[in-house]
Structure formats: structure tokens, C-alpha cells
Amino acid sequence: MGRCRRAWRGWRPHRSLALAWLAILLPLGSPALAGRPDPAGAALSLCVITPRITDPGGPLPAALVAVSRPTLFVVEPLSELQILEGNRLLWRQGTTAGSTRPAAGARFGALPSGTIEGPVPWPLEPIRPWQALTLRLRPLEGGATAYAVVRLIGSPAGQLARGDALLASLGRDAHRWRLAVEAAMERGDLPLASALLFAFEGPGAADLDALRLAVIRRSCQPADGPPR
């Protein structure tokens, strides 16, 4: 366990580039909140970047997964991540419940040991078409049983196959990654655009990093609110 390493290095936003992308960014930057009241009754919400939530209504928000090994990325630092199928726990990562102190000798303001930050690579076998899983997210500020919950649904077989093939074809060519993200955005395929942009396998490059940062800053905020 321990803090998740970031997959992308040297995020240096280029203001002119970010502004040029603004018209395309807005659909990806819409709020994506995963929430469930904790036992004390307080509202609980987290900003889920990927997999992108496609159905915020219903008993639980749901994300239609565009690639079979999606990166898990939540803006806020987490104490725990869980993946379940039905009532069966398939995987968990995080701190022991109630362990909320920084590690001994940590710098002032450091997060507790075991905190999960940044993108997390998919830890299980690939998601199957129409497979339903449950993603449970415990924030640092939440109690031991306070989780935000998202349903993950595998896309139809053809879509998953195309998403996986595209992801595998991009290699480390940052220009090809950017073009693939832009093409998905222009088609309105926001789950795929988000999956590619924030894929753990993605390269670090100035234009991609600027786009990632701009999406994060515009995500999960009220339409008339300031950037987070």
C-alpha cells in the first residue's frame, strides 16, 4: 500500500494552450460526483475524474467503462479504495480504518501514511462487457464506514475492444495520444476521451499535461463557482 505514485511528471500548464482548448474542455469538465450519506447523515461527495460518471442519477452514480483496464482517478486524497462484485470484495487498497496520522518524521502538513493520491492503475483482470462492479471510495475526512460509491459497467464488447485496441496502439507518442483524445472529444465519446487522457500508461508532455490540469481544475464545481 502507501501513497500511489503519479503517472505523469512535470505538470506545467501552458495558459494559452489551455485557453485554446476551453471550448472542448467544457464537456469533460462537468461535475462528476460520487456520493452517499455517511452513518452520521452528513453528505459525502468526491470528484471522480475517471472512469467518467455517465449516469449521475439513480440509487448510485454509474460510469460506463470505455477500456477494460480503466485508470482510477479521484481528485481528493483517499484513505481507501475497494472494488466489489456483488457483495464479494475483489480488491482493496488503503490505510487501516482509524489510521489518520502522518508517518513518524513526516514534514509538517504531510498526509497520513497510506494515503492514496493521483491515478491508480487497474488492479484486477480486465472488465468484461456489461460486467457490473462497485467502486467504494473512503475520503480522508470520512469515518471508518463512510464511503462514496460508484457503479462501474463494462461497455458493449465492440466498444471495449475498440477502446483497448486504440489504447494499445498509442505507445509513447504524445502527439498520437493528443490526437486520439481530441478525436474522441469531437465525436462526443467523453468516457473514451477521459479514459485516454488520464490513462496511467499515458506519456507526460506539455500539451497533454496542460489539458489534464485544465480538466481537473474545471471539474466538479458549480457552474458559477470558482475553479477548485
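Every value quoted in this text rests on a predicted model; they were computed, and no experiment measured them.

In this section: the pattern of salt bridges. Close approach of charged atoms lets side chains of opposite charge pair. A complete count under the given rule lists 7 salt bridges for this structure. Measuring nitrogen to oxygen at the nearest pair gives 3.0 Å for the salt bridge that ties Glu80 to Arg138. You can see Glu80 sitting in strand β5 (residues 78-85) and its partner Arg138 sitting in strand β7 (residues 132-139), a full 58 residues away along the chain. Each member of the pair Glu80 and Arg138 is classed as buried. Within the structure, one salt-bridge network assembled from shared partners comprises Glu80, Arg92 and Arg138.

What follows is about the side chain of Gln82. Counting through the fold element by element, Gln82 comes out in strand β5. Reaching out from Gln82, the side chain makes a polar contact with the side chain of Glu80 at a distance of 2.8 Å. Separated by 3.2 Å, the side chains of Gln82 and Tyr147 make a polar contact. Ignoring anything within four residues of it in the chain, the contact list for Gln82 reads Leu89, Trp91, Arg92, Thr134, Leu135, Arg136 and Tyr147.

Two quantities define a packed helix pair, namely the angle between the helix axes and the distance between the axes. The interhelical angle for the contact between helix α4 (residues 174-186) and helix α5 (residues 190-197), taken along N-to-C directions, is 160 degrees, at an axis separation of 7 Å. Between α4 and α5, the angle is such that the two are roughly antiparallel. Our pair here, α4 against α5, has a crossing hand that is left-handed. Together, Trp177, Ala180, Val181, Ala184 and Met185 of α4 and Leu192, Ala193, Leu196 and Leu197 of α5 make up the contact between the two elements. In the contact of α4 with α5, the residues fall into 9 nonpolar, no polar and no charged.

On to helix α6 (residues 206-218). Here α6 is 13 residues long and its end C-alpha atoms lie 18 Å apart, about the 18 Å a rise of 1.5 Å per residue gives. Residues Leu208, Asp209, Ala210, Leu211, Arg212, Leu213, Ala214, Val215 and Ile216 constitute the buried set of α6. The positive-phi residue at the C-terminal boundary of α6 is Cys220, with phi of around 55 degrees.

If you check α4, its first and last C-alpha atoms are 18 Å apart, about what 13 residues at 1.5 Å a residue would give, namely 18 Å. If you check which residues of α4 are buried, you get Ala174, Trp177, Arg178, Ala180, Val181, Ala184 and Met185. One side of α4 carries all its buried residues, which in axial view fall inside an arc of 165 degrees. Just downstream of α4, Gly188 is the residue with a positive phi angle, here 80 degrees.

Right, let's talk about the pairing of strand β6 (residues 88-94) for a bit. By the bridge criterion, 6 bridges tie β5 to β6 in an arrangement that is antiparallel. Paired with Gln82 across the bridge in β6 is Arg92. Once β5 ends, the chain turns through 2 residues before running back antiparallel as β6, passing Gly86 with a positive phi of about 65 degrees.

About the criteria used
- Residues numbered from 1 in each chain as written.
- Predicted model: local features only at pLDDT ≥ 70, side-chain atom pairs only at ≥ 80, totals over all residues.
- Heavy atoms only, no water.
- Salt bridge = Lys/Arg side-chain N within 4 Å of Asp/Glu carboxyl O.
- Helix = DSSP H or I, 4+ residues; strand = E, 2+ residues; numbered from the N terminus.
- Buried < 20%, exposed > 50% of the residue type's maximum accessible area, 1.4 Å probe, protein only.
- Polar contact = N/O pair within 3.5 Å; in protein donor to acceptor, adjacent residues only side chain to side chain.
- Contact = heavy atoms within 4.5 Å.
- Axes fitted to C-alpha atoms, helices over the stretch in contact; angles between N-to-C directions.
- Parallel < 35°, antiparallel > 145°, perpendicular 65-115°, else oblique.
- Left-handed = near helix turned anticlockwise from the far one by under 90°.
- Nonpolar A, V, L, I, M, F, W, Y, C, P; charged D, E, K, R; others polar.
- Expected span 1.5 Å × (residues − 1).
- Arc of directions from axis to C-beta.
- Pairing = 2+ DSSP bridges.

Function-wise, these values are silent; they only describe arrangement.
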